[in-house]
Amino acid sequence: MTLPVPSLPELLPTGPARFLGWSMIADPLVAGALARAGFDAVLLDQQHGSYDYRSCCAAITEVALAGKSTLVRVPVGDFAMVSRMLDAGAAGIVAPMINTVADAEALAASAKFPPVGQRSWGPDRAMWLSGLRDSSAYLAEANGRALTIAMCETEGAIADLQAILAVPGIDGVLVGPADLSIALSKGTAFDPLGAAVSSALAEIARKTRAAGKIPCAFAPSPARAREMVGMGYQLVSVEYDAMTIVNAFARVLREADPSRVG
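Presented here is an overview of the structure given in this document. (Residues numbered from 1 in each chain as written. Predicted model: local features only at pLDDT ≥ 70, side-chain atom pairs only at ≥ 80, totals over all residues. Heavy atoms only, no water.)

1. Some remarks on the overall build of the protein
Now for step 1: What the protein contains, in helices and strands, is 13 helices and eight strands.
Now for step 2: Computed over C-alpha atoms, the radius of gyration of the protein comes to 18 Å, within 12% of the 18 Å expected from 2.2 N^0.38 for 262 residues, which places it in the range of a compact globule.
Now for step 3: Its C-alpha atoms give the protein principal-axis dimensions of about 65 × 45 × 30 Å.
Now for step 4: Counting across all 262 residues of the protein, residues that qualify as buried make up 50%.
Now for step 5: Once local pairs closer than 6 in sequence are excluded, the contacts in the protein between residues at least 24 apart make up 61%.
Now for step 6: When the accessible surface of the protein is summed, it comes to about 11,400 Å², and 59% of that surface belongs to carbon and sulfur atoms. (Helix = DSSP H or I, 4+ residues; strand = E, 2+ residues; numbered from the N terminus. Rg over C-alpha atoms; globule rule 2.2 N^0.38 Å. Buried < 20%, exposed > 50% of the residue type's maximum accessible area, 1.4 Å probe, protein only. Contact = heavy atoms within 4.5 Å. Areas by Shrake-Rupley, 256 points an atom, 1.4 Å probe, with all protein chains shown as cover.)

Rendered as structure tokens:
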């Protein structure tokens, strides 16, 4: 057992880029495998994955046993889940579709204790995982430990990016290139590797770093992850668990029977 786990602000934003294991499959063993594989942190996806509160609690514990921290991507607009997952020991929250300053303020309010936000007290598991068993000690560090990441993936979010980044309690942004490509094309194209998306990614990273916040991104491949690191992103995913598993099974099957394709 390697507890307590480090807070993500201890790894970010200084130093080399860090890599994020992205988990859609709501099984603590899968999340733990990502942590033991060497990813610096693991994201549990409630928005498009199969995680819920109970499975996240189990996965947070499994990842902590591997000495790593966990982020949770909550469903769109589910700010009540933000404080629940932080209480459960998540090191941070990723919130999708934060398109306005008002959205960012609502996110920060749910993730941070006063005077920054309005998070309610109840962090029993979080205190245990952090090693801060004294309530006053945890309260003094909690706002700095809880990484609060707003997703930037729409035209509105890009237009308001600097104002969103200026909201107290917002620690950075995470870009989803797929939704970004749909937004930039006004719903006419799915092209997350295209030139328009790459240009927007570079500009988002630049503005986020200039604001002293943490730029994060989803990458669908190792090659794209390297490109994003080159753009200045400091926390980057590499594929996601279901995608990697399917690709791995397809590869070994093709090696066994070269006549198979797809």
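2. A short note on the sheet that holds strand 5 (residues 147-151)
Now for step 1: Taking strand neighbours around the barrel as the criterion, the eight strands line up as 1-2-3-4-5-6-7-8 in a closed arrangement whose pairing is parallel. For this sheet, the mean inter-axis angle between neighbouring strands, taken without regard to orientation, is 25°.
Now for step 2: The pairing of strand 5 with strand 6 (residues 172-175) spans three bridges and is parallel. In the strand pairing of strand 6, Met151 is matched with Leu174. (Pairing = 2+ DSSP bridges. Axes fitted to C-alpha atoms, helices over the stretch in contact; angles between N-to-C directions.)

3. Details of the side chain of Asp87
Now for step 1: The topology assignment puts Asp87 in helix 4 (residues 79-87).
Now for step 2: The exposure class assigned to Asp87 is buried, which follows from its relative accessible area of 17%.
Now for step 3: Engagement of the side chain of Asp87 in a polar contact is seen with the side chain of Arg119, the distance being 2.9 Å. (Polar contact = N/O pair within 3.5 Å; in protein donor to acceptor, adjacent residues only side chain to side chain.)

4. A few points about the pairing of strand 4 (residues 92-95)
Now for step 1: Taking every second residue as pointing to the same face, both faces of strand 4 are buried, with Gly92 and Val94 on one and Ile93 and Ala95 on the other.
Now for step 2: Relative to strand 4, strand 3 (residues 69-73) runs parallel, the two being bridged by three bridges. Each bridged residue has a counterpart across the sheet, and for Arg73 the counterpart in strand 4 is Val94.
Now for step 3: In this fold, the crossover linking strand 3 to strand 4 by way of helix 4 has right-handed handedness. (Right-handed = clockwise from strand over helix to strand, strands pointing away.)

5. A few points about the nonpolar core
Now for step 1: Membership of the largest hydrophobic core comes to 54 residues, with the highest contact counts inside it found for Leu44, Val72, Met85, Ile93, Leu107, Ile204 and Tyr233.
Now for step 2: The element that contributes the greatest number of residues to this core is helix 3 (residues 53-65), accounting for six residues.
Now for step 3: Excluding residues within four positions of it along the chain, Val72 makes contact with Leu44, Gln46, Cys56, Met85, Ala90, Gly92, Ile93 and Val94.
Now for step 4: Listed in part, the 19 residues of the second largest apolar core include Leu11, Met24, Met151 and Ile214. (Core = buried A, V, L, I, M, F, W, Y, C linked by side-chain atoms within 4.5 Å.)

6. Describing the packing of aromatic side chains
Now for step 1: Summed over all chains, the structure comprises four aromatic pairs.
Now for step 2: Here the aromatic rings of Trp22 and Phe218 are separated by 5.1 Å at their centres, their planes lie at 80°, and the arrangement is edge-to-face. Of this pair, Trp22 sits in strand 1 (residues 18-23) while Phe218 sits in the loop between strand 7 (214-217) and helix 12 (222-231), placing them 196 residues apart in sequence. Neither Trp22 nor Phe218 differs from the other in exposure class; each is buried.
Now for step 3: Considering the side-chain rings of Phe218 and Tyr240, the 6.3 Å spacing of their centres and the 35° angle between planes classify their relative orientation as tilted. One end of the pair, Phe218, is in the loop between strand 7 and helix 12; the other, Tyr240, is in the loop between strand 8 (235-237) and helix 13 (241-256), with 22 residues separating them in the sequence.
Now for step 4: A connected cluster of aromatic rings, assembled from ring pairs, spans Trp22, Phe218 and Tyr240.
Now for step 5: The lysine or arginine in question, Arg84, covers the ring of Tyr53, its NZ or CZ lying 3.9 Å from the ring centre. (Phe/Tyr/Trp six-rings, centres within 6.5 Å; stacked < 30°, edge-to-face > 60°. Lys NZ or Arg CZ within 6 Å of the ring centre and 35° of its normal.)

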